[in-house]
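The residues making up each chain are set out below.
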Amino acid sequence: MEYDLTLNISRITFHASRFTHHASRITFHVSRFTLLIVLLGCVIGCSGKDEPLRQSEALIQSGMHPEAINLLEKIIAVDDRNPKARFLLGQAYEGLGSYDQAIHHYKTAINLYAAHPEDKATVRFALAKVYLKQGIRDSGYHELRAIVRSTSDNAVLQQVAGLITDAYQVEQLTSGKDDNYSPRFSADGSRIAFASYRLDNGELFIMDINGRVRQRVTYTTDFDEGESAFLHDPHYLIYSREPQTSRQVKILLQSSGSSPIYAGFYTTHIHSKVTQEVMPVGFGVRSLGISPDRQHVAYESVRDGTLELYILDLRGVDLGAIDPQTIPSQQITHNEVDDGSPVFFPDGQRIAFVSPRAADPQNEQSERHQIYSINIDGSDEKHLNPNPHDCYSPVISSDGKTIAFVSMRDGDIEIYLMDADGSNERRLTNGIGASMQPAFSPDGRLLAFVSDRSDTFQIYLMHLDRPLTKRDLLLHLE
């Protein structure tokens, strides 16, 4: 399944188009039945008592919850006081939506983990999530209060914060009845370029990091300007432009190769307002990612029904007199599925991107958007964050250690962090409405993002060096 996911200020709208690829390729596939037989055999024949538990975890990660339950019930039949098996059973039943069963097994695991506080806190956290998912707020908060009171571990406190509020201190930069979106920091971190619908179409502005608007950059009436970036000459912005189709702002989570793209790229001198065409409207380019040296632009473009990744090389280009015909463009990916939302790693030699791949090649329904990385020469592709959720809009901190991204989980759209290798995933935002479009400051201390928690899309600034304290959390949990 391909998704063209858009957010309108009135509601979240999902547009999905199904298609089937017929390709002459050899696919190795292990059926669910065969896999289950192998895993059940491990209960009897595999060396090490923990092997069946590892196999159960693998089944849960693959979405094979009934098979995991079958295997775990066999384990518990032999050892009904196995806390890990009870915890995994809770996860498997939660995956099926059998919340009463999940709660039962989580509670049992908590009792069995009485002498293991860290494991106990992990299960309490899972139990709290189930309660909150069902709207049982008091019970969920009871479990979270128990976790907070029993620990001073900042990582644990941040996990709790992600369930009930933003994990770090947040301030609102823009306000009012008009939508503001697409924040991007300048190279020195002192300014933020952003788009605003305050004039009935998308125009670009620049503000200080305290929210004071310094200047307007673009002047159009029939077009919407959106995502932007400061170039190596800080007096120039490069940005996307596309025809205005409505008087409502549309924030794109992910493009689809099955939907036409009419956007182009332009540059403007922020003081003289001289505007030049880099790629014309209608050329079909979107999702602008700037390199660390700000002389290369990664982008997505539709070719033959799929999105592919490309890089523009602006080295040696006279930004005052651009000739689009002389700017080299290099194609990075050549796949049968969409590849989009490219962003550079700090070394400039590798990019992260989003692509929908099927977890089970024989099951189209298992397709989900995930984050991958690849060298700029198209080699060494890696899947960064295997999980059962759709993930979008990656951005990478300047030290290359952290990736922020948007994910759709439990009917909500929020911002998450993970380490650059895909591990240590944690939730950053938790507010009414959706949070998206994260952008790191150059020093990594700040994260700008967009949320409609105040009814309209506004830009917020999260201070990643100011986590919520235990006292803050207990106040939220009252």
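Summary of the structure given here. Residue numbers restart at each chain and count upward from 1, following the sequence in its written direction. Owing to the predicted nature of the model, reporting of local features is limited to residues with pLDDT of at least 70; listing and counting of side-chain atom pairs is limited to 80 or more, with chain, interface and lining totals taken over all residues. Hydrogens are left out, water is left out, and the side-chain values use all remaining heavy atoms of the structure.

**Quick notes on the overall build of the protein chain**
By the criteria applied, helices consist of DSSP H or I runs no shorter than four residues and strands consist of E runs no shorter than two, each listed in order from the N terminus. Within the protein chain one finds 9 helices and 27 strands. Taken over 478 residues, the protein chain has a buried fraction of 53%. Sequence separation of 24 or more characterises 47% of the internal contacts of the protein chain that already satisfy a separation of 6 or more. Values of accessible area rely on a 1.4 Å probe in the Shrake-Rupley scheme; residue burial ignores everything except the protein chains shown. With an accessible surface of roughly 21,500 Å², the protein chain has 48% of that area assigned to carbon and sulfur atoms. Type-normalised accessible area, obtained with a 1.4 Å probe on protein chains alone, sets the label of each residue: buried when under 20%, exposed when over 50%, and partly exposed for intermediate values. Residue contacts are counted whenever heavy atoms from the two residues lie within 4.5 Å of one another.

**Side note on the sheet that holds strand E9 (residues 236-243)**
Pairing between strands requires that DSSP locate at least two bridges from one strand to the other. Strands sit in the order E8-E9-E11-E12 across an open sheet of 4 strands; the sheet is antiparallel. Of all strands in the sheet, those with a lone pairing partner are strand E8 (223-230) and strand E12 (275-279), marking the two edges. Each adjacent strand pair in this sheet contributes to an overall mean axis angle of 30 degrees, direction not counted. In the sheet, E9 pairs with strand E11 (residues 264-269) via 6 bridges, with the strands oriented antiparallel. Directly across from Tyr239, in E11, lies its bridge partner Tyr266. As a rule, the C-alpha atoms of each element are fitted with a line to give its axis, helices using only the stretch in contact, and angles between N-to-C directions run from 0 to 180 degrees.

**Side note on the pattern of salt bridges**
Salt bridges are identified by distance alone: a Lys or Arg side-chain nitrogen within 4 Å of an Asp or Glu carboxyl oxygen. Taken as a whole and judged by the stated rule, the model has 20 salt bridges. Among the salt bridges present, the one from Arg315 reaches Asp313, with a minimum N-O distance of 2.7 Å. Residue class for Asp313 comes out buried when judged on its relative accessible area of 16%. A single salt-bridge network, built from bridges that share partners, covers Asp208, Arg212 and Arg214.

**Side note on the sheet that holds strand E24 (residues 426-427)**
Sheet architecture is open: 4 strands sit in the order E21-E22-E23-E24, paired in antiparallel fashion. Looking at the sheet topology across the chains shown, the edges are occupied by strand E21 (390-396) and E24. Summarising the sheet, strand E23 (residues 412-419) and E24 pair through 2 bridges and their orientation is antiparallel. Looking across to E24, one finds that Leu417 is bridged to Arg426.

**Points about the packing of helix H7 (residues 137-149) against helix H8 (residues 154-164)**
Direction vectors running N to C along H7 and H8 enclose 160 degrees, while the axes themselves pass 10 Å from each other. The orientation of H7 with respect to H8, classified from their angle, is roughly antiparallel. Relative to H8, H7 is oriented so that their crossing is left-handed. Note on element contacts: H8 touches H7 through Val156, Leu157, Val160, Leu163 and Ile164, opposite Tyr141, Leu144, Ile147 and Val148. Just so you know the grouping, Ala, Val, Leu, Ile, Met, Phe, Trp, Tyr, Cys and Pro go in nonpolar, Asp, Glu, Lys and Arg go in charged, and all remaining residues, Gly too, go in polar. Residue classes in the contact of H7 with H8 are distributed as 9 nonpolar, no polar and no charged. In what follows, roughly perpendicular refers to angles from 65 to 115 degrees, roughly parallel to angles under 35, roughly antiparallel to angles over 145, and oblique to any angle outside these ranges. Take the far helix as the reference: if the near one is turned anticlockwise from it by less than a right angle, the crossing is left-handed, and if turned clockwise, right-handed.

**Observations concerning the pairing of strand E14 (residues 296-303)**
Across the 8 residues that make up E14, a large majority, 6, are buried. Note that strand E13 (residues 285-290) and E14 share 4 bridges and pair antiparallel. Directly across from Gly289, in E14, lies its bridge partner Ala298. Between the antiparallel neighbours E13 and E14 lie 5 residues, among them Arg294 with a positive phi of about 60 degrees. Pairing geometry for E14 and strand E15 (residues 306-313), over 8 bridges, is antiparallel. Bridge assignment links Glu300 to a residue of E15, and that residue is Leu309. Linking E14 to E15, which pair antiparallel, is a turn of 2 residues; within it Asp304 sits at a positive phi near 55 degrees.

**Comments concerning the pairing of strand E19 (residues 367-375)**
In terms of burial, E19 is largely enclosed, as 8 of its 9 residues are buried. Sheet topology note: the E19/strand E20 (residues 382-383) ladder contains 2 bridges and is antiparallel. What sits directly across from Ser373, in E20, is Lys382. Between E19 and E20, which follow one another and run antiparallel, lie 6 residues, and Gly378 among them has a positive phi close to 90 degrees.

**Comments concerning the packing of aromatic side chains**
For this analysis, a ring pair means two rings from Phe, Tyr or Trp (six-membered ring only for Trp) whose centres lie within 6.5 Å, classed as stacked if their planes differ by under 30 degrees, edge-to-face if by over 60, and tilted for the remaining angles. Overall, the coordinates contain 7 aromatic pairs when judged by the stated rule. Relative to Tyr106, the ring of Phe87 has its centre 5.9 Å away and its plane inclined at 45 degrees; by these criteria the two rings are tilted. Pair noted here: Phe87 is in helix H4 (residues 83-96) and Tyr106 is in helix H5 (residues 99-112), with a separation of 19 residues, a long-range link. Residue class for Phe87 comes out buried when judged on its relative accessible area of 12%.

**Comments concerning the environment of Ile192**
Summarising the element assignment, Ile192 is placed in strand E5 (residues 191-196). Distance from Ile192 to Phe230, taken between C-alpha atoms, is 9.3 Å for residues 38 residues apart in sequence. The contacts of Ile192, once residues within four sequence positions are left out, are Leu173, Pro183, Arg184, Phe185, Phe205, Ile206, Met207 and Ile209.

**Description of the side chain of Asp166**
Residue position: Asp166 is located in the loop between H8 and strand E3 (168-172). A polar contact is formed between the side chain of Asp166 and the side chain of Arg453, at a distance of 2.7 Å. In contact with Asp166, not counting residues within four places along its chain, are Ala161, Leu428, Thr429, Asn430, Arg453, Met462 and Leu468. Polar contacts, as used here, are pairs of N or O atoms within 3.5 Å; protein pairs need one atom able to donate a hydrogen and one able to accept it. Residues neighboring in sequence count only if both atoms are side-chain atoms.

**Examining the packing of H5 against helix H6 (residues 117-133)**
The geometry of H5 relative to H6 is characterised by a closest axis approach of 9 Å and an angle of 155 degrees between their N-to-C directions. Here H5 lies roughly antiparallel to H6, going by the angle between them. Remark: the crossing between H5 and H6 carries left-handed chirality. Seen from H5, the contacting residues are Tyr99, Ile103, Tyr106, Lys107, Ala109 and Ile110; seen from H6, they are Lys120, Val123, Arg124, Ala126, Leu127, Val130, Tyr131 and Lys133. Of the residues that constitute the contact of H5 with H6, the class distribution is 10 nonpolar, no polar and 4 charged.

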